[in-house]
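Chain residues, written in single-letter form:
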Amino acid sequence: MSIDQFVQYLIVGLTDGSIYALVGLGFTIIYAVTRIINFAQGEFVMIGGMLSYTLATSAGLSIPLSFLVSVLSAAAVGAMMYLFAIRTARRASVISLIIITIGFSIFVRGVAAEIWGVSNVRPPFFSGKAPVSLPFVDAVITPQAIWIIGTAVVVTLLLHLFLKYTMVGKALKACAVNPKAAGLVGINARTMALIAFVLAAVIGGTSGVVMAPHILASYDMGVMLGLKGFVAASIGGFKNPIATVAGGLLLGVVENVAVGINWGPFTSSYKHVIALMVLLLILLIKSGRLASEERAA
Amino acid sequence: MQKYLKRAATLILAVAVLAVGSASCGDGDGATAESYKVGALLSTTGGASNLGVPEANTVEMMVEQINAAGGINGRLLEVIVYNDETDAAKCANLANRLIEQDEVLAIIGPTTSGNSLAIIETVTSAQIPLVSCAASADIIEPVEERYWVFKTPQTDRQVVAEIYTYLQSEGITKIAIMTATSSFGTGGKKYLESEAGDFGLTIVANQVFDEGATSMISQLTVIKGTDAEAVVCWAIDPESAVVAMDMQTLQIDLPLLCSHGIANMDFIAAAGDAANGVIFPAGKLPVVSYVPQTDPQWEVLTTYKADYESRYTGGVSTFGGHAYDALSMVVIALEDLEEGLSLAESRAAIRDNLESISGFVGTGGIFTMSPTDHLGMQPGSLALIEIVDGEWTWKQ
C-alpha cells in the first residue's frame, strides 16, 4: 500500500465514518434521555435525503431552502413519532417501545415506497462533482465528501455546546444521568423525551440531505445506515456524543483501510462484515459492564 | 351475558375466517373453467427492482394482449404475480403459496439468480416447471438435476466469453475484476476467473462489493495501484453505476466492461456521463434501431419495443424481454396442453412441451430447448453494446 493509497483510504473512511457518526448521534441522544433504542433512526435520514431530492428537482427549490424544509419535515416526523407512537404507549416496557420503533420504521419505509417508488435517486450535488486533488499525494476528495465531513464537525460542535451551555441541554443531560432525580428537581421527563426525538430527527434529517447526493437515496437507505449508526453508537456506549462520533469515524476508517490491506481477512469481501464484527466485540465487552451497571442502579 | 356475547362473537369470527379461507382454495386442476393459472415471482421492490418492474409490466401487458385476442385454447390466461422483494426467504414462501394455494400450472421468474437458486429444490419436489429470468448458469446446470427448471437470459458464462473475446481482440492481457457478492456476482466471478486463461488474460486485481454498497473508491484505489488495462464489473445497475462514477472520480481512465445486468435506462440515469464509453454484451433489445430487417428477431424486437414503450415509461430493457420470452414459451406449452388432465399431469405435460420448443424467436435470442439444454439459446443472440452520449449503440 503506498502513501497515496493510504491517504485515499483515510479520506473515504472519514467520509463514510462521518455518515455513521451522524446517524449514531441520533441513537445516542434518544437512548441517553429515554433508554429507548430507536430503530427508526435510519428513517429520519431517509426522509431528509428523499425529501431534499424531490424539493430540489420537482419543486425547484434552491439547495439551502430544500435543506431547511427537509430538516423541518424530519423534525415533524420525529415529533409525531414520539407523540403518537411512543408517548401513547408510555405504560409499556422499554422492550415494547423498542419494538414499536421497529414497527414505525417499517411503516415509514412503506409510505416512502408508495410516494417515491423503489428506484435510487440522486439529488443535485451541493458544489458539483469535480473531484479535488490533494496536494503532495495522489488522492482525491469530492466536494460532497467535504460537505459531509464538515457537517459532521459542525453538528458535533453545536451539539456539544448545546448540551453544555444551554438550560435545555443541561436538562437533557440530567435526564440521561438519572431520570428520577431529574424529575425531582422539576424537569419534565416527557418534554425532554420529545426534545430528544426531535433533536435526533433533526440531526438524522440533516445528515440525510448532505449524504444523499454522495450515496444515492432510496426508500430503504435507512436500513443499512441504521445498522452502521447503531454500531457507531454502541462503540460510544450510547451515552457520550463525542465517543459516538469517534466510534463512527473509527468504523469508517477501519472498513476502508481493511479493503486496502487486501491480505488475509482484510479484503473487500469482508468490508460490511467488519461493522458486524466490531458490534459483536463491543457487545461482548460491554455486556459484562452493562450488567454490573444495572445491578448497581 | 357479556361472556356469552364474547363467545358468540368469537364463533362468528371463526366461521367467517373458515369461509373466507375455503373460498380462496383452488378447485384442484390449475384452471377454473375459464382460465389457465400461471404464477410469476418477480422482484418489484428491493435491490433488483429495476429488473423486476419491467418484467412485471411486460407480464401485465402480455396477459391483456393475449386475453383480448381470445386467450389460449379459448381459455383466459391468468398470471398471479407475487413480489419477492429481492429476498430469497420471501421468494421461497411465495413459491410455496403459488404451488399449493394458488395451484398454478407453471411459474416464471424469479428475477435474480439468488432467488432462482433458492427455489430449485421447491419446484423440483413439487414437480412444477419453472422458467427463470435470471442469469446464472447454475440455474440450469447440471441439467440432470434441473429437470423442471428452464431459463431465458444468456448465462453468465456466455456473456463472460463475449467480453473476453472483445478484450482479446483489443490486445488486452491484464484485467481487474469488480464483482458483487450476490449470487449473480459470484456466478460471474467464477467464470471470469476460470475463463481468463483461455483468452490470454491475467486477473491482476480481484475486488468485491456488497449489493447496496454506495462507495467503491477503496476497492478502485487498490485497482488503481495495479497495472490493469481494463476493468470488468459484474453486478446489476445500481452498483455498476457507482463503479462507473467512482472510476470517474478517481480518474481511472481504463475501459469499463460490464455484465448484461445493466441493460436498462436506470444505469445511464444513475451514472450520468460516467456511463459513456461503458461496453457490455446483451440481447439485441437495447439496440433495436441497429438491427437489420433481415434479422429473424427484427419483428419480435420492434413489436415488443413499440408495445412496451407506448404503455410504460422508463424505456425498454432486456429484463422485460426475458419475462416476455419466459411467458411466451409457457403460452406455447399451454397451447398444446390436453384437456382433462389433473394438476400434476398438466404440470408434467407443460414441462415436456417446454423442453420440446424449437426455434422460438424471442427478444433475447432464438430458443431451441432440449433435454440437455434448458436455455437453448442459439449463437448470435448477444450484441456488444457501447454507451455513447447516454444512448446505446451496437459496437460491431
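Calculation notes
Residues numbered from 1 in each chain as written. Chains lettered and ligands numbered in written order. Predicted model: local features only at pLDDT ≥ 70, side-chain atom pairs only at ≥ 80, totals over all residues. Helix = DSSP H or I, 4+ residues; strand = E, 2+ residues; numbered from the N terminus. Rg over C-alpha atoms; globule rule 2.2 N^0.38 Å. Buried ≥ 20, exposed ≤ 12 C-beta atoms within 10 Å, placed from the backbone. Contact = placed C-beta atoms within 7 Å. Nonpolar A, V, L, I, M, F, W, Y, C, P; charged D, E, K, R; others polar. Core = buried A, V, L, I, M, F, W, Y, C linked by C-beta atoms within 7 Å. Domains from an automatic or database assignment. Pairing = 2+ DSSP bridges. Right-handed = clockwise from strand over helix to strand, strands pointing away. Axes fitted to C-alpha atoms, helices over the stretch in contact; angles between N-to-C directions. Parallel < 35°, antiparallel > 145°, perpendicular 65-115°, else oblique. Left-handed = near helix turned anticlockwise from the far one by under 90°. Expected span 1.5 Å × (residues − 1). pLDDT = per-residue confidence, 0-100.

Draft legend 1. Fine view of the overall build of chain B. Within chain B, the regular secondary structure consists of 13 helices and 14 strands. A globule of 396 residues ought to have a C-alpha radius of gyration of about 21 Å, and chain B, at 23 Å, matches this closely. With the C-alpha coordinates aligned to their principal axes, the bounding extent of chain B is approximately 80 × 60 × 40 Å. Counting across all 396 residues of chain B, residues that qualify as buried make up 54%. Taking the contacts inside chain B whose residues are at least 6 apart along the sequence as the reference set, 69% of them involve residues at least 24 apart.

Draft legend 2. Geometry of the overall build of chain A. Counting its secondary structure elements, chain A contains 11 helices and 2 strands. Each helix and strand of chain A, ordered N terminal to C terminal, gives the series α-α-α-α-β-β-α-α-α-α-α-α-α. For 297 residues, the compact-globule formula gives about 19 Å, and the C-alpha radius of gyration of chain A, at 19 Å, lands near that figure. Summarising its shape, the C-alpha atoms of chain A cover approximately 60 × 50 × 35 Å along the three principal directions. Within chain A, the proportion of its 297 residues that are buried is 48%. Restricting the contact set of chain A to residue pairs at least 6 apart, pairs at least 24 apart contribute 75%.

Draft legend 3. Looking closely at the interface of chain B and chain A. Taken residue by residue, the interface counts 21 residues in chain B and 25 residues in chain A. Only α2 (49–68), β7 (202–209), α8 (217–224), α9 (237–249) and α10 (265–271) of chain B provide two or more residues apiece to the side of chain B that touches chain A. For the side of chain B that touches chain A, the leading source of residues is α8 of chain B, giving 5 residues. Of the residues that constitute the side of chain B that touches chain A, the class distribution is 7 nonpolar, 12 polar and 2 charged.

Draft legend 4. Region of the structure containing unusual backbone geometry. Residue and element names in this part refer to chain B. Note the cis peptide between Gly 109 and Pro 110, where omega equals 0 degrees. The residue Pro 110 is located in the loop between β3 (107–108) and α4 (113–118) in this model. Pro 142 follows Glu 141 through a cis peptide bond whose omega is 0 degrees. Unlike most non-glycine residues, Asn 73 shows phi in positive territory, near 55 degrees.

Draft legend 5. Up close: the nonpolar core. In terms of nonpolar packing, the biggest core is built from 207 residues, with Ala 196 of chain A together with Ile 107 of chain B touching the most fellow members. With 16 residues, the top contributor of residues to this core is helix α1 (residues 3–34) of chain A. Counting contributing residues per domain, this core is built from domain 1 (35–154 + 299–367) and domain 2 (156–282) of chain B, each supplying no fewer than three. Beyond its immediate chain neighbours, meaning those up to four positions away, Ala 196 of chain A contacts Ile 29, Ile 30, Val 33, Thr 34 and Leu 172 of chain A.

Draft legend 6. Region of the structure containing the domain arrangement of chain B. Residues and elements named next belong to chain B. On domain assignment, one finds that chain B holds domain 1 (35–154 + 299–367) and domain 2 (156–282). Spacing between the C-alpha centres of domain 1 and domain 2 amounts to 29 Å. Contact residues are listed per partner, giving 20 residues for domain 1 and 19 residues for domain 2. Those elements that provide at least two residues to the side of domain 1 that touches domain 2 are α2, α4 and α12 (318–335). Among the residues making up the side of domain 1 that touches domain 2, the classes are represented as 8 nonpolar, 11 polar and 1 charged.

Draft legend 7. Spotlight on the pairing of strand β2 (residues 76–83) of chain B. All names here are of chain B. In terms of strand pairing, strand β1 (residues 35–42) meets β2 through 8 bridges, oriented parallel. Bridging across to β2, Leu 41 finds its partner in Tyr 82. This β-α-β element, β1 to α2 to β2, shows right-handed connectivity.

Draft legend 8. Region of interest: the pairing of strand β14 (residues 391–394) of chain B. All names here are of chain B. Pairing of strand β13 (residues 383–388) with β14, which is carried by 4 bridges, proceeds in the antiparallel orientation. Bridge assignment links Glu 386 to a residue of β14, and that residue is Thr 393. Hairpin connection from β13 to β14: 2 residues lie between these consecutive antiparallel strands, with Asp 389 at a positive phi of about 55 degrees.

Draft legend 9. Representation of the environment of Asp 198 of chain B in the model. Residue and element names in this part refer to chain B. Checked against the element boundaries, Asp 198 lands in the loop between α7 (183–195) and β7. A tally of 10 C-beta atoms within 10 Å means that Asp 198 is categorised as exposed. Considering only alpha carbons, one finds Asp 198 and Tyr 164, 34 residues apart in sequence, at a separation of 9.0 Å.

Draft legend 10. Quick look at the packing of helix α5 (residues 143–165) of chain A against helix α8 (residues 189–215) of chain A. Residue and element names in this part refer to chain A. As a packed pair, α5 and α8 sit with axes 8 Å apart at the nearest point and diverge in direction by 165 degrees. When the axes of α5 and α8 are compared, the pair comes out roughly antiparallel. Remark: the crossing between α5 and α8 carries left-handed chirality. Between α5 and α8, the contacting residues are Gln 144, Ala 145, Trp 147, Ile 148, Thr 151 and Val 155 on the first element and Ile 203, Thr 206, Ser 207, Val 210, Met 211, Pro 213 and His 214 on the second.

Draft legend 11. Spotlight on helix α4 (residues 94–116) of chain A. All names here are of chain A. When the terminal C-alpha atoms of α4 are compared, their 33 Å separation across 23 residues agrees well with the 33 Å that a helix rising 1.5 Å per residue should span. Among all positions in α4, only Ile 100, Thr 101, Phe 104, Ser 105, Val 108, Arg 109 and Ala 112 are buried. In the segment just after α4, Gly 117 is the residue with positive phi, at about 75 degrees.

Draft legend 12. Spotlight on the sheet that holds β1 of chain B. Residues and elements named next belong to chain B. The strand order β2-β1-β3-β4-β5 describes an open sheet built from 5 strands, whose pairing is parallel. The open sheet terminates on both sides in strands that have one partner only, identified here as β2 and β5 (149–151). As judged from the 2 bridges shared by β1 and β3, these two strands associate in the parallel manner. Counterpart to Ala 40 in the pairing with β3 is Ile 108. Here α2 sits on the sheet and contacts β1 and β2; the angle it forms with β2, its principal contact strand, is near 165 degrees.

Draft legend 13. Examining the confidence of the model for chain B more closely. Residues and elements named next belong to chain B. Overall, the prediction assigns chain B a mean pLDDT of 90, with 95% of residues at 70 or greater. Note on residues 24–28: pLDDT under 50 across the span, and 6 contacts to partners over four residues away in sequence or across chains. Interface predicted TM-score (ipTM) for the complex: 0.81; the corresponding pTM is 0.80.

Draft legend 14. View of helix α9 (residues 221–235) of chain A. Residue and element names in this part refer to chain A. Compared with the 21 Å implied by 1.5 Å per residue over 15 residues, the 22 Å span of α9 between its first and last C-alpha is a close match. Taking burial as the measure, the 15 residues of α9 include 12 buried ones, the bulk of the element. Along α9, the residues classified as buried are Met 221, Gly 222, Leu 225, Gly 226, Lys 228, Gly 229, Phe 230, Val 231, Ala 232, Ala 233, Ser 234 and Ile 235. Of the residues flanking the end of α9, it is Gly 237, one or two places downstream, whose phi is positive at about 70 degrees.

Draft legend 15. Structural context of the packing of helix α3 (residues 63–86) of chain A against α4 of chain A. All names here are of chain A. Two elements in contact, α3 and α4, have axes separated by 11 Å at closest approach and are oriented at 125 degrees. Relative to α4, α3 is oriented oblique. The interaxial crossing formed by α3 with α4 has right-handed handedness. Facing α3, whose interface residues are Met 81, Ala 85 and Ile 86, α4 presents Leu 97, Ile 100 and Phe 104. Of the residues that constitute the contact of α3 with α4, the class distribution is 6 nonpolar, no polar and no charged.

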